[in-house]
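Breakdown of the fold
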Amino acid sequence: MNLRRVVVTGLGALTPIGNTVPEFWNGLSNGVSGAAPITRFDASLFKTQFACEVKNLEVEQFIDRKEARKMDLFTQMGLIAADEAIKDAGLDLEKINLHRAGVIMGSGIGGLRSFQDEVTDFARGDGTPRFNPFFIPKMIADICAGFISIKYGFRGPNFVTVSACASATNAIIDAFNYIRLNKADIFITGGTEATITEAGVGGFNALKALSQRNDSPTTASRPFDKDRDGFVLGEGAGCLILEDYEHAKARGAKIYAELVGGGMTADAYHITAPHPEGEGASNVMKHALEDAEMQPEDIDYVNVHGTSTPLGDISEVKAIQKVFGEHAYNINISSTKSMTGHLLGAAGAIEAIASILAIKNSLIPPTINHFTDDEEFDPRLNLTFNKAQKREIRAALSNTFGFGGHNASIIFKKITG
Amino acid sequence: MSEIAQKVKAIIVDKLGVEESEVTPEASFTNDLGADSLDTVELIMEFEKEFNLSIPDDQAEQIGTVGQAISYLEANVK
């Protein structure tokens, strides 16, 4: 069976360092940190009091107030990113076959704010069960995909993928496969997440997963630095329009890049700790390369999961060295989480966008906040510290790993003929 | 206008996102004010919260207009 080619024809991003794709890229190429003290709730009693929030978001510019009220923030963010992607793709909804157009969004958690607020209300009451009828539809993780399909009339496959911090990459791989297999022509895919709430920060603090560098939020996310002390919680959404290559060509769409491969594996090791030798991580990169029918030498850039946790960064770099061998010294490696923080289920989406824009602009976004070398990392590796680096990129690989031991990697390639 | 009627109108304006001038006694939640079945359930719940009473389902089903809501509440709020 011949697999169809899949290309990226539209992008949308709502991130802690920029509320549109051009602003996001501007932030990435200039090494801007999105971290600041938490404003979404009073965090004064929390071990971590900062996060990477989306700033200056005026939801009602995009979504009617009456509708917005029925949505959790994660859904609102996903809709806003989808809107930018649809417009960017120049899609004429009158002309495409909407039955062959789908939506697959990733979310690690879903409507945590809605869940927390409604349950808190009930717990504070006298036991009378007065639950809002919008409670469940606001909270469930799939609802953003549902709202997007209602807005644009996309009637093809429609669901959410949930694999913690790999969710969006899993969404993209699923959409990729449905197009390759000729089950659909076009997808809105990516991820959205909004968990900067008491429950989100408190929960991750209890896991000792978050940086507690409260005196310096903007330098807290420091992947590969000796003094890294955990990830910085982020929020936001990213959307990609994936399209059958012939379909895109026929409508004269602009093409950002080609999606050429995806890999998915499990560590089968521990619920939150990464496999110490990065076994699942190396296997997933190998699978993505095999799927793309590429050799390690064909890759110029790896956008790492690199969350700035003490263990995760080490096992991922071990995995890269295992897969790429000597070529590991030729590639650029960078963690854009040093700037955006960790968007959990949306991370794979904005990092896919970062990888695509890196290819398009021949520029590697940096790993900011490097102060002190860690002897755990081979100094011959180019971890793209502190400043963006110019480079022709033939292909870029993006990694995401999630609690539960889920690993997912995708490869984008510069478009050729 | 009674205090109850004023509060009812304010809740409807807030939850359904409509203009106050549209909220006439004859206005039907679903036919005139753009509510779907979930919006209607939410309105009843908001009335229960605001006026601290419980509206049984069979009676809630009889409340379809602004006027019906006001009459019911005026008769039942202590």
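Cut-offs applied
Residues numbered from 1 in each chain as written. Chains lettered and ligands numbered in written order. Predicted model: local features only at pLDDT ≥ 70, side-chain atom pairs only at ≥ 80, totals over all residues. Heavy atoms only, no water. Helix = DSSP H or I, 4+ residues; strand = E, 2+ residues; numbered from the N terminus. Rg over C-alpha atoms; globule rule 2.2 N^0.38 Å. Areas by Shrake-Rupley, 256 points an atom, 1.4 Å probe, with all protein chains shown as cover. Lys, Arg positive; Asp, Glu negative; His and termini not counted. Charge placed at Lys NZ, Arg CZ, Asp CG, Glu CD. Expected span 1.5 Å × (residues − 1). Buried < 20%, exposed > 50% of the residue type's maximum accessible area, 1.4 Å probe, protein only. Contact = heavy atoms within 4.5 Å. Axes fitted to C-alpha atoms, helices over the stretch in contact; angles between N-to-C directions. Parallel < 35°, antiparallel > 145°, perpendicular 65-115°, else oblique. Left-handed = near helix turned anticlockwise from the far one by under 90°. Nonpolar A, V, L, I, M, F, W, Y, C, P; charged D, E, K, R; others polar. Arc of directions from axis to C-beta. Phe/Tyr/Trp six-rings, centres within 6.5 Å; stacked < 30°, edge-to-face > 60°. UniProt positions renumbered as here; feature names shortened; annotations may be inferred. Buried area = accessible area lost by both parts, 1.4 Å probe. Salt bridge = Lys/Arg side-chain N within 4 Å of Asp/Glu carboxyl O. Polar contact = N/O pair within 3.5 Å; in protein donor to acceptor, adjacent residues only side chain to side chain. Core = buried A, V, L, I, M, F, W, Y, C linked by side-chain atoms within 4.5 Å. Pairing = 2+ DSSP bridges.

**Thoughts on the overall build of chain B**
When helices and strands are tallied, chain B shows 4 helices and 0 strands. In terms of overall size, chain B behaves like a compact globule, its C-alpha atoms giving a radius of gyration of 11 Å where 78 residues would be expected to give roughly 12 Å. Judged by the C-alpha coordinates and their principal axes, chain B covers about 30 × 25 × 20 Å. Carbon together with sulfur atoms contributes 45% to the accessible area of chain B, which is approximately 4200 Å² in total. A distance of 8 Å separates the average location of the 5 positive side-chain charges in chain B from that of its 17 negative side-chain charges.

**Here's the deal with helix α11 (residues 310-324) of chain A**
All names here are of chain A. The end-to-end C-alpha distance of α11 is 22 Å, a good match for the 21 Å that 15 residues give at a rise of 1.5 Å each. Of the positions making up α11, those classed as buried are G312, D313, I314, S315, E316, V317, A319, I320, V323 and F324. Looking at the packing, one finds that the buried side of α11 touches α10 (279-291), β9 (301-303), β10 (332-334) and β13 (395-402).

**Some details on the packing of helix α1 (residues 3-16) of chain B against helix α4 (residues 66-76) of chain B**
For any two helices packed against each other, one specifies the inter-axial angle together with the distance between the axes. Residues and elements named next belong to chain B. Two elements in contact, α1 and α4, have axes separated by 10 Å at closest approach and are oriented at 135 degrees. The orientation of α1 with respect to α4, classified from their angle, is oblique. Like other packed secondary-structure pairs, α1 and α4 cross with a definite hand, here right-handed. Across the interface between the two elements, I4, A5, V8 and I12 from α1 touch V66, A69, I70, L73 and E74 from α4. A breakdown of the residues in the contact of α1 with α4 according to their chemical character gives 8 nonpolar, no polar and 1 charged.

**Quick look at helix α8 (residues 198-206) of chain A**
Residues and elements named next belong to chain A. Among all positions in α8, only G200, V201, F204 and N205 are buried. One side of α8 holds all its buried residues, which, seen down the axis, span an arc of 125 degrees. Taken together, the buried residues of α8 touch α4 (112-124). A positive backbone phi angle near 60 degrees is found at K208, which sits one or two residues after α8.

**Examining the packing of aromatic side chains**
Residues and elements named next belong to chain A. On inspection of all chains with the given rule, the structure shows 10 aromatic pairs over all chains. Each ring, one from F41 and one from F46, has its centre 5.2 Å from the other, and the planes form 70 degrees; the classification is edge-to-face. Here the two residues F41 and F46 agree in accessibility, since each one is buried. Between F204 and F403, the ring centres sit 6.3 Å apart and the planes meet at 45 degrees, which makes this aromatic pair tilted.

**Considerations on the UniProt feature "domain: Carrier" (unreviewed entry) in chain B**
The positions UniProt marks with the feature "domain: Carrier" (unreviewed entry) are residues 2-77 of chain B. Secondary structure across residues 2-77 of chain B comprises 58% helix and 0% strand; the distance between its end C-alpha atoms is 12 Å.

**Concerning the UniProt feature "domain: Ketosynthase family 3 (KS3)" (unreviewed entry) in chain A**
As recorded in UniProt, the feature "domain: Ketosynthase family 3 (KS3)" (unreviewed entry) lies at residues 3-414 of chain A. The span residues 3-414 of chain A is 32% helical and 18% strand by assignment, and the distance between its end C-alpha atoms comes to 19 Å.

**Side note on the UniProt feature "active site" (unreviewed entry) in chain A**
Residues and elements named next belong to chain A. If you check UniProt for "active site" (unreviewed entry), the listed places come out as C165 in our numbering. Relative to the helices and strands, C165 is located in the loop between β5 (158-161) and α7 (167-180). Once residues within four sequence positions are removed from consideration, C165 is found in contact with H305, H342, L344, G345, A347, T400, F401 and G402.

**Notes on the interface of chain A and chain B**
Taken together, the contact between chain A and chain B spans 10 residues of the former and 17 residues of the latter. Note on chain A versus chain B: buried area summed over both sides is about 1100 Å², and carbon and sulfur give 46% of it. At the surface where chain A touches chain B, the tally comes to 4 salt bridges. A salt bridge links D14 of chain B to R65 of chain A, with the nearest nitrogen and oxygen atoms 3.6 Å apart. Counting across the interface, chain A meets chain B through 7 residue pairs in polar contact (both at pLDDT 80 or more).

**Describing the nonpolar core**
Residues and elements named next belong to chain A. Residues V8, L11, F24, L240, L242, I356 and F412 are the most contacted members of the largest nonpolar core, which totals 45 residues. The element best represented in this core is helix α13 (residues 347-361), accounting for 9 residues. Not counting residues up to four positions away in its chain, the partners in contact with L242 are V6, V7, V8, I172, A175, F176, I179, D185, I186, F187, T189 and L259.

**Topic: the side chain of E235 of chain A**
Tracing the backbone shows E235 of chain A in the loop between α8 and β7 (236-244). The buried category is assigned to E235 of chain A, whose relative accessible area is 1%.

**Examining the pairing of β13 of chain A**
All names here are of chain A. Burial of β13 is extensive: 8 of the 8 residues sit out of reach of the surface. Taking every second residue as pointing to the same face, both faces of β13 are buried, with A395, L397, N399 and F401 on one and A396, S398, T400 and G402 on the other. As judged from the 3 bridges shared by β9 and β13, these two strands associate in the parallel manner. Across the sheet, residue N303 finds its bridge partner in β13, namely S398. As paired strands, β13 and strand β14 (residues 406-413) are joined by 8 bridges and run antiparallel to one another. Residue pairing across strands places A396 opposite F412, the latter belonging to β14. In textbook terms, the turn of a hairpin is the stretch between consecutive antiparallel strands, and for β13 and β14 this stretch comprises 3 residues, one of which, G404, has a positive phi near 110 degrees.

**A word on unusual backbone geometry**
Residues and elements named next belong to chain A. Positioned with a positive phi, S308 is a non-glycine residue whose angle comes to about 85 degrees. Structurally, S308 can be placed in the loop between β9 and α11. Residue S308 is classed as buried on the basis of its relative accessible area, which comes to 0%. A positive phi angle, near 50 degrees, is found at S362, a position not held by glycine. Topologically, S362 is positioned in the loop between α13 and β11 (363-364). Its relative accessible area of 16% is what places S362 among the buried residues.

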